[in-house]
Structures are given as C-alpha cells and as structure tokens.
Amino acid sequence: MSPITNIVGGAAISAADAAATRAAGAASGATAFKVDAPNVRYTGDAIESDYTYDTTIVSRDAESGSLKAKPAKVGYRFRTKTGVGRVGLMLVGWGGNNGSTVTASILANKKGISWETRKGRQEPNYFGSLMMASTVKLGVDEDLKDVYVPFNQVVPMVHPNDVVIGGWDISSLSIGDAMRRAQVLPVDLQRQVYDELHQLKPLPSVYYPDFIAANQEARADNTIGGTKQEQLDRLRQDIRDFKQANSLDRVVVMWTANTERYADILPGVNDTADNLLQAIASGHSEVSPSTLFAVASILEGAPFVNGSPQNTLVPGAIALAERERSFVGGDDFKSGQTKIKSVLAEFLVNAGIKPLAITSYNHLGNNDGHNLSAPAQFRSKEISKSSVVDDMVAANRLLYAKGEHPDHTIVIKYVPSVGDSKRALDEYVSEIFMGGLNTISIYNTCEDSLLASPLIIDLFMMTELMTRVSYRTDADADWVPFHSVLSILSYMLKAPVVPPNTPVVNALAKQRMAMENILRAFVGLPPNNEMLLEHKAFH
Ligand SMILES: NC(=O)c1ccc[n+]([C@@H]2O[C@H](COP(=O)([O-])OP(=O)(O)OC[C@H]3O[C@@H](n4cnc5c(N)ncnc54)[C@H](O)[C@@H]3O)[C@@H](O)[C@H]2O)c1
Ligand SMILES: O=P([O-])([O-])O[C@@H]1[C@@H](O)[C@H](O)[C@@H](O)[C@H](O)[C@@H]1O
C-alpha cells in the first residue's frame, strides 16, 4: 500500500485505514509520504529542502503616515536528520499527577494494555496529543479531494512508545505508588501497570522550601543536600548517568514539578550567564530549584522545557542557553481554560466583537491545587493565565485603543474533594453591534492530568525533533541550529517564552499554523493557506 493511500482525506478514514495509519506510525521516524520535487533531497541520513520564505515588509511614510507593503523572499535550506535514535525524557516532579499519569499511559500504549470500564473495554490512546492524534492537510489528490496525514508523520519524529522515562522528585514514592496517590487513572488500568511502575523510583531532588508552598513540606523526603554548586554538579551527573545507563542519544528534561514563586531578577545575580553561574557557585538564595535544573540541562546539552508558570528561564539562563547552543522552552502547559481562551478570545476579536470582561474561575483538589492555594504560587499561575489575550487585543486597534484591555480576572480555589477533576467556569462579556452585549459562559470539567499528559508528549516530541534540525541561509557559512529559545513550542504553553525582542503569539490557530507550516518547510512544501483557488476559479 503506497503511503498516500493510508489516509483518505475528506471522507472518514475507514477502520482498516486507521489501523494501517497507526501501524505506519507505530515506529519512531515513520513518515506518511515522500515529496517529489527538485528542491527536496533525501540523503542517507537526512532530508534537505531548499525553501523560499515569503513575507511582506510594511513601511510607513513619515509625513503622510501611509503604509507601503512590499513582498519579500528569504532563501532557506533546511536539513532534518532522519535517524531518531534512542531518546530519553527526564521529568522533574516525576512522582506528581502529571508525571505518574504520563508514564503509566505511555506504558499502557506501548504494551497495548486495555481495561474494563462501566461502558466496556477501553483501549489506550494518545487523544489530546497534537502530534499523535491530530492530522494536517498534505494537499489534494487527483480528484481535488483533501488528503490528511498524521501530524507526527510529516517529518520523522520520535514515537512516545519508544521513549525512556526517568526523573526526579522530592517525594520518594515509587511511580506506582505515585500513580495511586494521584487517583487519576482507572483502577483496572492501575492494577495492570502497578508492578512495573513500582520498580521506577525518582531520583532525589533539590528542595528549597522558600520556592513552593509550605504545604508541600510533608512530601519532601527525597532531597539532595550540599551547596547549590554541589547540587548543580549532582543534577548534571544524574543526566549523564541516565543517558549512559540507557544508551541514549539524547535526553530532554522537562519541569512538571510544583509551581514555584517568581524569582526576583537581580542585576549581578541572574541577569547574565556568568552572573547566574557565579550566583550558583556562591549559593545565592534567589536561584530556584527549577533554574538549577535548567542550568544543569543547558550545560549537559539536554533541552529543558518548563511546564510550570514560574520564571525559571531568567535572563541569565536564556543567555547561557544561547551561549551553549542548548534548547530551552516554556512556560506552563496550556491545557484547559487558557487553551480555550486562546481560541475564543481570538474568535471574538477577529470577528470584530470586543471582549470587555473575561473571568476565569476554577477549583480543583489535586496537589497542584494545594500548592497553588498559597499566594506566591498562585501569583505565578495568575501571571501565566492572564497574558494569553495580549497579542489578540494588540492586533485590533479598531476595538482597543493602545493600552486598553478587557477586564481579565483569574480565580483558583482548592477543594480537596474534587481531586484532579478540575471544575472551570469562564464568562466572556463582549460589546457587539450598536452597543449590545453578548455573554458567553462555559462550564468545563476535566481530569487536569489527562489534559496535561498529552502536552508533555507533544513538547517532548517537538523538542526532540528540533535537536535534529539545522538550517542555513545565503548569509550562513555553515548549518546552524534554530534559536535556543524554542518558540515553536508555544501551542502547548500558556505563556510562551520567545527569543529576546521577538513577538509572543498566544492565538492557538496561529500557533498551530506556524508549527504545521514550519514542518512542511522542512520537507520543502509550501505553507497551507486554505485559499482553495482550485475550487473557486472557473478552471
Ligand atoms: N492540567 C495540569 O495538570 C497542568 C496544566 C498546566 C500546568 N501544570 C503545572 O504542572 C506542574 C505539575 O502539575 P501536577 O498536577 O503534576 O502537580 P503535582 O503536585 O501532582 O506534581 C508535582 C510534583 O513535583 C514534585 N516536586 C515539587 N518540587 C520539586 C522539586 N524541586 N524537584 C522535584 N520534584 C519536585 C512534588 O513532590 C510532586 O510530586 C504544576 O506546576 C502545574 O501548575 C499542570
Ligand atoms: O490550563 P488552565 O486550565 O488554563 O490552567 C490550569 C489552572 O486553571 C489550574 O488551576 C491549575 O491547577 C493547572 O495547573 C492549570 O494551569
């Protein structure tokens, strides 16, 4: 069966085709198609593409203020190494709800473990993962019907079933016991994976009580002592040991530990790479555990992604990543209310409707919620959840004057009895035609960790891919990696960290489009533009 026929665009994919697709994608590096074009070369170990990046440069006449738009073209060559190799994922906070849930779920998928539910047998899946459960339009077939392929098969990507998982936690519980403590996954599934997960023990971690809620102290029975420098050296050794013990080609480190308070940005402490390294050497109190993990990862050449809202990636950490040509990304998994907001707010503003007030309330009863019940930790989350509409508002000066914003309120309450099942209520009050008002209310219940776990997988897959991509322009003497700050990850994050002096994009549709079209560019395909001129012209 040729790859292109595995996926039938337009009509529903038949069960046979779906199975074939899953089978085709069941290994790291599988792709659904090959590009037949003079600008794309499949070499022994890479895909190379010559790509013209089309953009438009706008200038404003100083006197009249009139705008002038000038199309521009930039020539790129991309090289994507196709050998995925053996890849590891080290989770900080491995024993948490997210860490234990994603580990158990990958094991269930890898072994095809199904479980009984009230409604019958449930098969494992990767629903909620952009890479593993969504498709992208490849093009049209000879009948002009859309053809779609799995997102993870546009370019060779690691399959989550092949990842080696490890990590750290300040709690000594095995991953099996952590899964039980999380109370997220069905008991019949837990029963089947417990023994294997009970063999997995988190490495001891760095614990500074000042950075997370005092109510977390009871968990902290698995910590590293010593100076900050000794702790940094230990974390670096942990990464090296994990890589060697598992014969890995690459390791990605991801923070899914508790939300920390913001660190003060202090000149001479964490404002430059050297000052940050010196601050660690001198044991400065303002260096957080998460920043220590980021520095350890950067120095070991392991990409570091921050799934929590605190400002882990202080200026010194970003500068160090740039100097070491290491990748970093963050902040804060975009899983529920904020993900919906990054769609709904864009829809309203782009429809010429003016949100006046956005009120986001939720309560939950898991340990994340317990930690967030402390003011300093809640403040970190409030910041990451509040910035998500900024770009959409700034894009429409017909609705909003410069500096004008909708009222935006974030409330999070801790209600132990609901556990991981977050209850979220959102209200959008908008001004419509002729002074009218429109109110949209949303009630959203979800197992928070079942929304976040697929994001951990997507962040891991995209980050791993970017370690195999390089590019060059006519100005470059050799192949170079993408910028150290992976803004391509923004779709999965509430408050995307971007390269210095570059724009933050929060609108979900734009974020997905960027990721989709960049992957298409890696294989020399033009961006999807949905113009469908072939269906709009007479011939
Ligand atoms: N839907 C979601 O679950 C979601 C969405 C967005 C962001 N987040 C963020 O992801 C993070 C994890 O969420 P969770 O529900 O798994 O929380 P959790 O409290 O269940 O897990 C956090 C784990 O981190 C451990 N930990 C704390 N400090 C540590 C340290 N210094 N080193 C190593 N381990 C440490 C804790 O012992 C705990 O096991 C939180 O910051 C949360 O805000 C979660
Ligand atoms: O993703 P989202 O639903 O906007 O935000 C969520 C918060 O509302 C929730 O209180 C918190 O526990 C989760 O970590 C997550 O950050």
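Please read all numbers here as calculations on a predicted model, not as lab measurements.

Q: What am I meant to see in the confidence of the model for the protein chain here?
A: When pLDDT is low, close inspection of the predicted coordinates is not appropriate. Here the protein chain averages 94 in pLDDT, while 95% of its residues score no lower than 70. Considering only residues more than four positions removed or in separate chains, one finds that residues 1-24, a stretch of pLDDT under 50, has 28 contacts. In the model output, the complex is listed with pTM 0.95 alongside ipTM 0.99.

Q: Looking at this structure, I do not really get the site of ligand 1. What am I missing?
A: As a structural note, the neighbourhood of ligand 1 is formed by 29 residues, with D169, S205, V206, S308 and K381 the closest of them. A distance of 2.8 Å is found between an oxygen atom of ligand 1 and a backbone nitrogen or oxygen belonging to N98. Here a nitrogen atom of ligand 1 sits 2.8 Å away from a polar atom, N or O, in the main chain of V206. Looking at the shell around ligand 1, the elements that each hand over two or more residues are α2 (97-111), α11 (367-372) and α14 (448-466). Partitioning the shell around ligand 1 into residue classes produces nine nonpolar, 13 polar and seven charged. Each of domain 1 (3-26 + 84-333 + 450-522) and domain 2 (337-447) contributes no fewer than three residues to the shell around ligand 1.

Q: Whenever I open this one, unusual backbone geometry confuses me. Can you help?
A: Of all residues except glycine, most have a negative phi; of all peptide bonds, most are trans. In this structure, D331 follows G330 across a cis peptide bond, with omega equal to 0 degrees. Tracing the backbone shows D331 in the loop between β12 (328-330) and α10 (337-350). Despite not being glycine, L144 has its phi angle at roughly 65 degrees, a positive value. Position of L144 relative to the elements: it lies in the loop between β7 (135-140) and β8 (146-150). Of note, the phi angle at M434 is positive, near 55 degrees, even though the residue is not glycine. A relative accessible area of 73% means that M434 is categorised as exposed.

Q: Explain the nonpolar core here, please?
A: A general trend in soluble globular proteins is that nonpolar side chains are found buried together. Judged by nonpolar contacts, the single largest core of 68 residues is most densely connected at F33, M254, F460, M462, L489 and M515. No other element matches the 10 residues that α14 contributes to this core. Contacts of M462, omitting those with residues within four sequence positions, involve M131, M157, I488, L489, M492, M515 and L519. Within the second largest apolar cluster, 40 residues are counted, among which are M90, V269, V287 and F293.

Q: Sorry if this is basic, but what is going on with the sheet that holds strand β9 (residues 164-168) here?
A: In any sheet, the strands associate via hydrogen bonds between backbone groups, in a parallel or an antiparallel arrangement. Here we have five strands laid out as an open sheet, ordered β9-β4-β10-β11-β12, and parallel in their pairing. Each edge of the open sheet carries a strand with a single partner, namely β9 and β12. In this sheet, neighbouring strand axes are inclined to one another by 20 degrees on average, regardless of whether the strands run parallel or antiparallel. The sheet contact formed by strand β10 (residues 250-255) and strand β11 (residues 304-306) spans three bridges and is parallel. Residue pairing in the sheet places M254 in a bridge with V305 of β11.

About the criteria used
Residues numbered from 1 in each chain as written. Chains lettered and ligands numbered in written order. Predicted model: local features only at pLDDT ≥ 70, side-chain atom pairs only at ≥ 80, totals over all residues. Heavy atoms only, no water. pLDDT = per-residue confidence, 0-100. Contact = heavy atoms within 4.5 Å. Near = heavy atom within 4 Å. Polar contact = N/O pair within 3.5 Å; in protein donor to acceptor, adjacent residues only side chain to side chain. Helix = DSSP H or I, 4+ residues; strand = E, 2+ residues; numbered from the N terminus. Nonpolar A, V, L, I, M, F, W, Y, C, P; charged D, E, K, R; others polar. Domains from an automatic or database assignment. Buried < 20%, exposed > 50% of the residue type's maximum accessible area, 1.4 Å probe, protein only. Core = buried A, V, L, I, M, F, W, Y, C linked by side-chain atoms within 4.5 Å. Pairing = 2+ DSSP bridges. Axes fitted to C-alpha atoms, helices over the stretch in contact; angles between N-to-C directions.

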